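# Structural overview
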Amino acid sequence: MAMSSSLLSGLSKQEIQAKIDRVPWYHEYDFQGGFRAKSSTPDTADHRALWGFLHEQLDKVDFKGKRVLEIGSWDGYWSFEAEKRGAARVLSTDDLSQNWSAGEGIQIARELLGSKIEVRQDVSVYSLKETLASEGPFDIIIYLGVYYHLFD
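First, a word on what this report is: a plain description of the structure on this page. Worth saying up front: this structure is predicted, and the values here are computed from it rather than measured. (Residues numbered from 1 in each chain as written. Predicted model: local features only at pLDDT ≥ 70, side-chain atom pairs only at ≥ 80, totals over all residues. Heavy atoms only, no water.)

### With respect to the packing of helix 2 (residues 44-58) against helix 3 (residues 77-84)
A pair of packed helices is characterised by two quantities: the angle between their axes and the separation of those axes. Two numbers describe how helix 2 lies on helix 3: the axes approach to 12 Å, and their chain directions differ by 30 degrees. Seen from above, helix 2 lies across helix 3 with right-handed handedness. In contact with Trp51, Leu54, His55 and Leu58 of helix 2, helix 3 contributes Tyr77, Trp78 and Glu81. Here the contact of helix 2 with helix 3 is composed, by residue class, of five nonpolar, one polar and one charged. (Axes fitted to C-alpha atoms, helices over the stretch in contact; angles between N-to-C directions. Helix = DSSP H or I, 4+ residues; strand = E, 2+ residues; numbered from the N terminus. Left-handed = near helix turned anticlockwise from the far one by under 90°. Contact = heavy atoms within 4.5 Å. Nonpolar A, V, L, I, M, F, W, Y, C, P; charged D, E, K, R; others polar.)

### Remarks on helix 1 (residues 13-21)
The complete set of buried residues in helix 1 reads Ile16, Gln17, Lys19 and Ile20. Buried residues in helix 1, looked at end-on, bunch into an arc of 155 degrees, giving them a common side. Turned more than 90 degrees from where helix 1 packs its buried face, Gln14 and Asp21 sit exposed. Residues of helix 1 that are buried make contact with strand 2 (36-37) and helix 4 (104-113). (Buried < 20%, exposed > 50% of the residue type's maximum accessible area, 1.4 Å probe, protein only. Arc of directions from axis to C-beta.)

### Considerations on the side chain of Ser92
Mapping Ser92 onto the fold places it in strand 4 (residues 89-93). You can call Ser92 buried: its relative accessible area is 0%. Non-local contacts of Ser92, meaning those with residues more than four positions away in its chain, are made with Glu70, Ser73, Gly76, Ser79, Ile106, Ile117, Glu118, Val119 and Arg120.

### Topic: the nonpolar core
Membership of the largest hydrophobic core comes to 27 residues, with the highest contact counts inside it found for Ile20, Trp25, Tyr29, Phe31, Val68 and Leu112. Of all the secondary-structure elements, those providing two or more residues to this core are helix 1, helix 2, helix 3, helix 4 and strand 6 (140-142). Discounting residues that sit within four places of it in the chain, Tyr29 has contacts with Phe35, Arg36, Ala37, Asp75, Gly76, Tyr77, Phe80, Ala109 and Leu113. (Core = buried A, V, L, I, M, F, W, Y, C linked by side-chain atoms within 4.5 Å.)

### What to know about the side chain of Asp95
Examined against the element boundaries, Asp95 turns out to sit in the loop between strand 4 and helix 4. We note that Asp95 is buried and unpaired, the nearest opposite charge coming from Arg120 at a distance of 9.9 Å. In this structure the side chain of Asp95 is engaged in a polar contact, spanning 2.7 Å, whose partner is the side chain of Ser97. Not counting the four nearest positions on each side in its chain, Asp95 is found in contact with Gln121, Val123 and Ser124. (Lys, Arg positive; Asp, Glu negative; His and termini not counted. Salt bridge = Lys/Arg side-chain N within 4 Å of Asp/Glu carboxyl O. Polar contact = N/O pair within 3.5 Å; in protein donor to acceptor, adjacent residues only side chain to side chain.)

### What to know about the pattern of salt bridges
Tallied over the full model, the rule gives eleven salt bridges. For the salt bridge of Asp59 with Arg85, the shortest nitrogen-to-oxygen distance reads 2.7 Å. Taken together, the positions of Asp59 in the loop between helix 2 and strand 3 (67-71) and Arg85 in the loop between helix 3 and strand 4 put the pair 26 residues apart, joining distant regions of the chain. Through salt bridges with shared partners, a single ionic network connects Arg89, Glu118, Arg120, Asp122 and Glu135.

As structure tokens, this is what we get:
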């Protein structure tokens, strides 16, 4: 497994897994090399049912060659799914000032998955138009698990 990023370069397998284990993951990941990220939510079993439903819905969407924007991506799970499903470009956004994590999970996952998604962790849902004016247009927008967190 080639690791070009400085996040995991030079670390042993045990150190990499320990770094993964320190992240408060929402989703579960099985990475290459036997690495695994476990969800830190107390109701993970319920979330698995929801994630299964979302996978079924995304199976109905043609991502091939499309430009995808994910808003509020947290650990990037759905951005990586869009990439796996053939998206030409994936921009994964979140706002670390409004997020309960340090944002490291998506970076670790990107590296371990050998992903090419673009990550912007300075994009507020409240200023999407201004912030992303030069980024679009997008064919598909993934907006999951954000709406019910909005202030108004």
